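Each chain, written out:
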Amino acid sequence: NELDGDVSPKEYRRLLDEMAAVALETGSRLWGPTCSNTNTKCVKWAKEVRGSGWPKGLHGISWHSYDPQENTEFAAVDALAEGRPIIWSEFGWPNVGTISEEAQAEAITKLWAFYAKYYGAILFQLHDGKNPNEREHRYGIRACNAQGELTHWKAAAHTVPSVEGEAMSDATFCISRAQSFEIPEKPGYFSTYYPKGQTDTILSIQPD
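Residues numbered from 1 in each chain as written. Predicted model: local features only at pLDDT ≥ 70, side-chain atom pairs only at ≥ 80, totals over all residues. Heavy atoms only, no water.

Colleague: Can you explain the packing of aromatic side chains? Please cite residues and give values.
Modeller: This structure, assessed with the given rule, holds 14 aromatic pairs. On the numbers, 5.2 Å between centres and 85° between planes, the contact of Phe114 with Tyr115 is edge-to-face. Assessed through its relative accessible area of 33%, Phe114 is described here as partly exposed. Chaining the aromatic ring pairs together yields one cluster made of Phe74, Trp88, Phe91, Trp112, Phe114, Tyr115 and Tyr118. The lysine or arginine in question, Lys186, covers the ring of Tyr189, its NZ or CZ lying 4.2 Å from the ring centre. (Phe/Tyr/Trp six-rings, centres within 6.5 Å; stacked < 30°, edge-to-face > 60°. Buried < 20%, exposed > 50% of the residue type's maximum accessible area, 1.4 Å probe, protein only. Lys NZ or Arg CZ within 6 Å of the ring centre and 35° of its normal.)

Colleague: Account for the pairing of strand β4 (residues 120-123), naming residues and giving values.
Modeller: Where strand β3 (residues 86-91) and β4 come together, 3 bridges link them in parallel fashion. Within β4, the position partnered with Phe91 by the bridge is Leu123. A crossover links β3 with its parallel partner β4, the connecting element being helix α4 (residues 101-115), and its sense is right-handed. (Pairing = 2+ DSSP bridges. Helix = DSSP H or I, 4+ residues; strand = E, 2+ residues; numbered from the N terminus. Right-handed = clockwise from strand over helix to strand, strands pointing away.)

Colleague: Can you explain the nonpolar core? Please cite residues and give values.
Modeller: Core analysis: the biggest nonpolar cluster contains 34 residues, and Ile61, Trp63 and Trp88 have the highest contact counts within it. Listing elements by their share of this core, those giving two or more residues are α1 (9-26), β1 (30-35), α2 (40-50), β2 (58-65), α3 (74-81), β3 and α4. (Core = buried A, V, L, I, M, F, W, Y, C linked by side-chain atoms within 4.5 Å.)

Colleague: Could you give an account of α4, naming the residues involved and the relevant values?
Modeller: Taking 1.5 Å of rise per residue, 15 residues should cover 21 Å, and α4 covers 21 Å from first to last C-alpha, within 8% of that figure. Those residues of α4 that are buried lie in contact with β2, α3, β3 and β4. (Expected span 1.5 Å × (residues − 1). Contact = heavy atoms within 4.5 Å.)

Colleague: So what's going on with the packing of α2 against α3? Which residues, and what values?
Modeller: Contact geometry of α2 with α3 gives a least axis separation of 11 Å together with a crossing angle of 10°. Relative to α3, α2 is oriented roughly parallel. Every residue of α3 that contacts α2 at Val43, Ala46, Lys47 and Arg50 is listed here: Ala76, Val77, Ala79 and Leu80. Of the residues in the contact of α2 with α3, the class split is 6 nonpolar, no polar and 2 charged. (Axes fitted to C-alpha atoms, helices over the stretch in contact; angles between N-to-C directions. Parallel < 35°, antiparallel > 145°, perpendicular 65-115°, else oblique. Nonpolar A, V, L, I, M, F, W, Y, C, P; charged D, E, K, R; others polar.)

Colleague: So what's going on with the packing of α1 against α2? Which residues, and what values?
Modeller: Helix-helix packing is described using two parameters, namely the angle between the two axes and the distance between the axes. Packing of α1 against α2 brings their axes to within 8 Å, and their N-to-C directions diverge by 55°. Taken together, the axes of α1 and α2 lie oblique to each other. For the crossing formed where α1 meets α2, the hand is right-handed. Listed contacts from α2 to Pro9, Tyr12, Arg13 and Leu16 of α1 are Trp45, Glu48, Val49 and Arg50. Residues belonging to the contact of α1 with α2 are distributed by class as follows: 5 nonpolar, no polar and 3 charged. (Left-handed = near helix turned anticlockwise from the far one by under 90°.)

So this is what it looks like as structure tokens:
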């Protein structure tokens, strides 16, 4: 995660090759190299990691990007992928200083549209931190007060785009620990009532 600048390309490639071999052996999908920003410095580092080509076990490219107006090397990242899917595993916009919650939402709405053509994009982050003056504390879509208590959902929480009328953030079913219970005939195994609101049928337990 964001090892560009902290680990040499040669050392990172050694680690990447090891992980790629494991991915091939286990049938896993390996994403990398997860650079910290979409700028010239990060692209240069990743090119050195790639060298003459990515390892066979690398499924896709994972990258972080904050503000396309400042980070402009998207074509270079596209080229680095060499046809592999790209996931923007962090992007976001903080409401810090004079940037209001509404302005944050407006910016993030544009960013969602920008990343729509890619395999996926993950908004950073869910909750704000306690310090309103600290940039890293203000990327959240849910506000937090100075005591560390979560308060209201910010306007940015309602910017997630829809695909054919369905919000991309929807889950078909969510299991919580509080609503789960141990199965009497299978100690150590847990389930939950399904569908929600029912008390006579439970979620099916499968080997996986």
